[in-house]
Structure formats: structure tokens, C-alpha cells
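Here is what each chain is made of, one letter per residue.
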Amino acid sequence: VQLQASGGGLVQAGGSLRLSCAASGSRFNINGMGWYRQAPGKQRELVATITSGGTTNYGDSVKGRFTIARDNAQNTASLQMNSLKPEDTAVYYCAVSIPTYCCYWGQGTQVTVSS
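What comes next is a walk through the structure. All figures in this text were calculated on a predicted structure; none of them were measured in a lab.

All right, on to the environment of Ser97 then. Within the fold, Ser97 resides in strand β9 (residues 90–98). Take Ser97: its relative accessible area is 14%, and that puts it in the buried class. Measuring from C-alpha to C-alpha, the distance between Ser97 and Phe28 comes to 9.6 Å, with 69 residues separating the pair along the chain. Among residues more than four places away in sequence, those in contact with Ser97 are Asn29, Ile30, Asn31, Gly32, Cys102 and Cys103.

Here we come to the side chain of Arg70. Structurally, Arg70 can be placed in strand β7 (residues 66–71). One buried charge, Arg70, has no salt-bridge partner; the nearest side chain with opposite charge is Asp71, at 7.8 Å. Here Asn31 takes part through its backbone oxygen, which lies 2.5 Å from a polar atom of the side chain of Arg70. Here Thr51 takes part through its backbone oxygen, which lies 3.4 Å from a polar atom of the side chain of Arg70. Ignoring sequence-local partners within four residues, the contact set of Arg70 consists of Ile30, Asn31, Gly32, Met33, Ile50, Thr51, Ser52, Thr76 and Ala77.

Pairing is antiparallel in the open sheet, where four strands are placed in the order β1-β3-β8-β7. Every other strand in the sheet has two partners, leaving β1 (2–6) and β7 as the edge strands with one partner each. In this sheet, neighbouring strand axes are inclined to one another by 15° on average, regardless of whether the strands run parallel or antiparallel. Looking at chain direction, β7 and strand β8 (residues 76–81) are connected through six bridges and run antiparallel. Paired with Ala69 across the two strands is Ser78, which belongs to β8.

This brings us to unusual backbone geometry. Cys103 follows Cys102 through a cis peptide bond whose omega is 5°. Here Cys103 is to be found in strand β10 (residues 101–105). Here the phi dihedral of Asn75 falls at roughly 55°; this positive angle occurs in a residue that is not glycine. Inspection of the secondary structure assignment puts Asn75 in the loop between β7 and β8.

Each value, and the rule that gives it
Residues numbered from 1 in each chain as written. Predicted model: local features only at pLDDT ≥ 70, side-chain atom pairs only at ≥ 80, totals over all residues. Heavy atoms only, no water. Helix = DSSP H or I, 4+ residues; strand = E, 2+ residues; numbered from the N terminus. Buried < 20%, exposed > 50% of the residue type's maximum accessible area, 1.4 Å probe, protein only. Contact = heavy atoms within 4.5 Å. Lys, Arg positive; Asp, Glu negative; His and termini not counted. Salt bridge = Lys/Arg side-chain N within 4 Å of Asp/Glu carboxyl O. Polar contact = N/O pair within 3.5 Å; in protein donor to acceptor, adjacent residues only side chain to side chain. Pairing = 2+ DSSP bridges. Axes fitted to C-alpha atoms, helices over the stretch in contact; angles between N-to-C directions.

Following this line, the structure appears as C-alpha cells:
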């Protein structure tokens, strides 16, 4: 499974960014799709996940500000990030799971929020 993530960049605090992830090459249905992030010197943490049925799960620090969505037919997921804060600065990784394996990871995209 190959993952192609896009949409990172530099934004001022309070601004918005939208990340996209496209999965390809899977012989199986994609179960979960999600985003994780890792800031310098910190462990990778959950941002948001979504199941094929649309059930979402968010990290506490992004609830109410970020929204994850997916298109099952296209095997794509998006992460709309609003009201960004400097502490959201991190490398964001797309991840997907299939029935037999978790997880495949994308290459990461940098999000930088300036104060």
C-alpha cells in the first residue's frame, strides 16, 4: 500500500490548513484511515482516525478544531485543521489499516504554525 500525503505548509496562528492522503495499491478494503503527528523531541501522537463506516476519533488537543473525512470509493482521507496553534507544529503522518495489517504509513508532511 502506498500513501501520498499533501497539504502541509506554513500558516499563522488562527489559520487553517487542509491535509490530504491518498492510498493506492491495496488488494484489500481499507479499514481505518488517520493522521498522527510528531513534534521534535516528542512521541508520535494521535490526531484523528476514521473508519470505513465513518466513525471518527480525535486526539484531545484537536477536538473541536480539526475534522477528518474520507472518500471510501477513492481511498482518500482529508484533515481540515482550523484555529491552528503553534503547538500544532509537527510532521503529520497519514496511516491506513487493512483487515490483515496495521499500519501503513505515509512519508509525512510538515505543518508549521507561527505565533
